[in-house]
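A closer look at the structure
Given next are the chains, with one letter for each unit.
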Amino acid sequence: MGTSYQGIIKVELRVNGEKRQAVIRPADTLLRVLREKLGLTGAKPGCENGDCGACTVLLDAVPVKSCLVLAVEALGKEITTVEGLKDTAIQQAFLSEGGFQCGFCTSGFLVNAYALLKKDPEATDDTVREWLQSNLCRCTGYEGISKSIIKAKQLLSN
Amino acid sequence: MIPFDFDYYLPQTAEEAVTLFTRLELDEKKPIYYAGGTEIITFCRQQTITPGALIDLKNIPETTVFEKVNDQLVIGANLSLSRIAEENHYPLLSVVVKKIADRTVRNRLTIGGNICGRLPYREALLPLLLTDAEVLLAGPEGRRTEQVATLFDKKLKLAKGELLVQFKVLEEKLNLPFQSKRRVKQGPVDYPLYHLASIRENEELKLAIAGLCAFTFRNSVLEQALNDRSLKRGEVINAVIEKLPGDIRSDERGSAAYRKTLFEKDLEQLLSEMGD
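Overview of the structure.

Definitions and cut-offs
Residues numbered from 1 in each chain as written. Chains lettered and ligands numbered in written order. Predicted model: local features only at pLDDT ≥ 70, side-chain atom pairs only at ≥ 80, totals over all residues. Heavy atoms only, no water. Helix = DSSP H or I, 4+ residues; strand = E, 2+ residues; numbered from the N terminus. Rg over C-alpha atoms; globule rule 2.2 N^0.38 Å. Buried < 20%, exposed > 50% of the residue type's maximum accessible area, 1.4 Å probe, protein only. Contact = heavy atoms within 4.5 Å. Areas by Shrake-Rupley, 256 points an atom, 1.4 Å probe, with all protein chains shown as cover. Lys, Arg positive; Asp, Glu negative; His and termini not counted. Charge placed at Lys NZ, Arg CZ, Asp CG, Glu CD. 1 Å grid on protein atoms, 1.4 Å probe; cavity = no way out; pocket = protein on both sides within 12 Å on 5 of 7 lines; lining within 4 Å. Points joined across faces, edges and corners; volume = space filled by probe spheres on them. Nonpolar A, V, L, I, M, F, W, Y, C, P; charged D, E, K, R; others polar. Axes fitted to C-alpha atoms, helices over the stretch in contact; angles between N-to-C directions. Left-handed = near helix turned anticlockwise from the far one by under 90°. Pairing = 2+ DSSP bridges. Right-handed = clockwise from strand over helix to strand, strands pointing away. Salt bridge = Lys/Arg side-chain N within 4 Å of Asp/Glu carboxyl O.

**Remarks on the overall build of chain A**
Of regular secondary structure, chain A possesses 5 helices and 6 strands. In chain A, the order of α-helices and β-strands from amino to carboxyl end is β-β-β-α-β-β-β-α-α-α-α. Here the C-alpha atoms of chain A give a radius of gyration of 16 Å, agreeing with the 15 Å that 2.2 N^0.38 yields for 158 residues. Summarising its shape, the C-alpha atoms of chain A cover approximately 45 × 30 × 25 Å along the three principal directions. Every one of the 158 residues in chain A was classed for burial, and the buried ones make up 51%. For chain A, long-range pairs separated by at least 24 residues make up 56% of all intrachain contacts whose partners lie at least 6 apart in sequence. If you sum the accessible surface of chain A, you get close to 7400 Å²; carbon and sulfur atoms cover 48% of it. Separation of charge centres in chain A, based on 19 positive and 18 negative side chains, amounts to 5 Å.

**Structural notes on empty space enclosed by the protein**
All names here are of chain A. By the definition in use, this model includes 1 cavity of 30 Å³ or more. A volume near 40 Å³ is recorded for the largest cavity. Surrounding the largest cavity, G99, F100, Q101, C102, G103, C105, T106, C137, G141 and I145 form its lining. When the residues that make up the lining of the largest cavity are grouped by side-chain class, the tally is 5 nonpolar, 5 polar and no charged.

**Details of the packing of helix 3 (residues 106–119) of chain A against helix 5 (residues 142–157) of chain A**
Residues and elements named next belong to chain A. Where helix 3 meets helix 5, the closest approach of the two axes is 11 Å, and the angle between their N-to-C directions is 35 degrees. Crossing of helix 3 over helix 5 shows right-handed handedness. Here helix 3 contributes F109, A113 and L117 to the contact with helix 5, which in turn contributes Y142, I145, I149, A152, K153 and L156. Counted by class, the contact of helix 3 with helix 5 contains 8 nonpolar, no polar and 1 charged residues.

**Some words on the pairing of strand 2 (residues 31–34) of chain B**
Within a regular strand, side chains alternate between the sheet's two faces. All names here are of chain B. Here 4 bridges tie strand 2 to strand 3 (residues 53–56), and the two strands are oriented parallel to one another. Bridge assignment links Y33 to a residue of strand 3, and that residue is I55. After leaving strand 2, the chain enters helix 2 (residues 38–45) and then returns to the sheet as strand 3, a path that is right-handed.

**Concerning the pattern of salt bridges**
Pairing between side chains becomes possible if they bear opposite charge and their charged atoms approach one another. All names here are of chain B. Counted according to the given criterion, the structure contains 39 salt bridges over all chains. A salt bridge links R143 to E15; the nearest nitrogen and oxygen atoms lie 2.9 Å apart. Of this pair, R143 sits in strand 7 (residues 142–147) while E15 sits in helix 1 (residues 14–26), placing them 128 residues apart in sequence. A relative accessible area of 39% places E15 in the partly exposed class. A single network of salt bridges, built from pairs that share partners, joins D132, K173, E201, K206, R218 and E223.

**A word on the sheet that holds strand 6 (residues 134–139) of chain B**
In any sheet, the strands associate via hydrogen bonds between backbone groups, in a parallel or an antiparallel arrangement. Residues and elements named next belong to chain B. Judged by pairing direction, the sheet is antiparallel, and its 5 strands sit side by side in the order 4-5-10-6-7 without closing on themselves. Looking along the sheet, the strands with just one partner apiece sit at the ends: strand 4 (66–69) and strand 7. Going from strand to strand, the sheet's axes swing by 25 degrees on average, the running direction of each strand aside. Pairing analysis gives 5 bridges linking strand 6 to strand 10 (residues 163–170), with the strands arranged antiparallel. Considered in strand 10, the bridge of E134 is made with K168.

**A closer look at the sheet that holds strand 1 (residues 3–5) of chain A**
Within the open sheet, the 4 strands sit side by side as 1(A)-1(B)-3(B)-2(B). Their pairing is mixed. Across the chains shown, the open sheet's two edge strands, defined by having one partner strand only, are strand 1 of chain A together with strand 2 of chain B. Shown here is a sheet whose adjacent strand axes are inclined to one another by a mean of 20 degrees, direction ignored. Where helix 1 of chain B meets the sheet, its contacts fall on strand 1 (7–10), strand 2 and strand 3 of chain B, and the angle it forms with strand 2 of chain B comes to roughly 155 degrees.

**Structural notes on the environment of T29 of chain A**
Mapping T29 of chain A onto the fold places it in the loop between strand 3 (18–24) and helix 1 (30–37). Considered as a pair, T29 of chain A and L70 of chain A are 41 residues apart in the sequence and their alpha carbons are 4.2 Å apart. Discounting chain neighbours no more than four positions away, the residues touching T29 of chain A are S66, C67, V69, L70 and A71 of chain A together with I41 of chain B.

And the structure:
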């Protein structure tokens, strides 16, 4: 038989390698639970409409827009937020290449790019473009972001 | 945030999902089926819909298969568009679904959700219409298999409580020559002005279109015109336009005249590249 959740529920989420408890509603999005229940404010509520990608996290290593995922859907899965990326090549590259301006979109780009380069460290430009079309930068800092991706690939290949 | 509450169910089988739906419907809980969830969460946040219960279908194993069985490719209705494109068992379907939304959203969008959703485009339907695919359904009256074209004739014809389980495409049709042309007003991540998909089978062109009219379609009368070798190319294009099953749509993305002009060019290119 399947599972069901009604009302207010106490759940355990696996986030960045740790078990975290939260009291949630089935209607709570993963973005809201991460930010408001677990204090992980790296993922940002840019549009809450699935357009901007600022809320991107990984669910079992797959990028998702957490504003379009219910927290209950993430039970039993491994959630990775930007807080879980510790000194990765992509973060180093964003620092060295100026891959951010206001920083609001940055966590989404970092998480998505991290997942891409983990899956395909030698991703072609077309593949990088395809993946990162999911993220918008209103500062239009795309050139710095592109340079950061190239640098990250170099760091990984070394 | 979603400003109202609903219950959430995660059944293990299609029959369990149907039984849940029937029970919750009788209890006036306003159940809906839930797959990728991108559309439902958006509409719930906007309070365009206010279901009392979500029945999440993604844990039903037979709805996420993607494999060849005997002489058919079986496509689970809850496969993500990303997985469909990555595993690439059906090249035209891969090309079509890669144009829908963006990569991260496609990690959640399902083929069944794209077809059953409220948005009118249903682009994932195009390759299924072209190859006369079958669809397996489960509902309160049991299971049934239909041609996709029968299930979807201008609108989706599902009985209350029915859900999509799988699509099936004959293996011999998976690698036919094809073309996919999607026109958008701005960047690649946008709803389409229209999306044409075509295959060439036994020296005949088949054509399915989303977004040009108010509904997604494949039309035999239109295809007769498309393949009428007694006509010159310009005459073929005019005949196809005349035989569209509905008015060309006009909306904030583009006027009917704009769509028609682009469509004529794309038909010309299709005939040039895929015709005799």
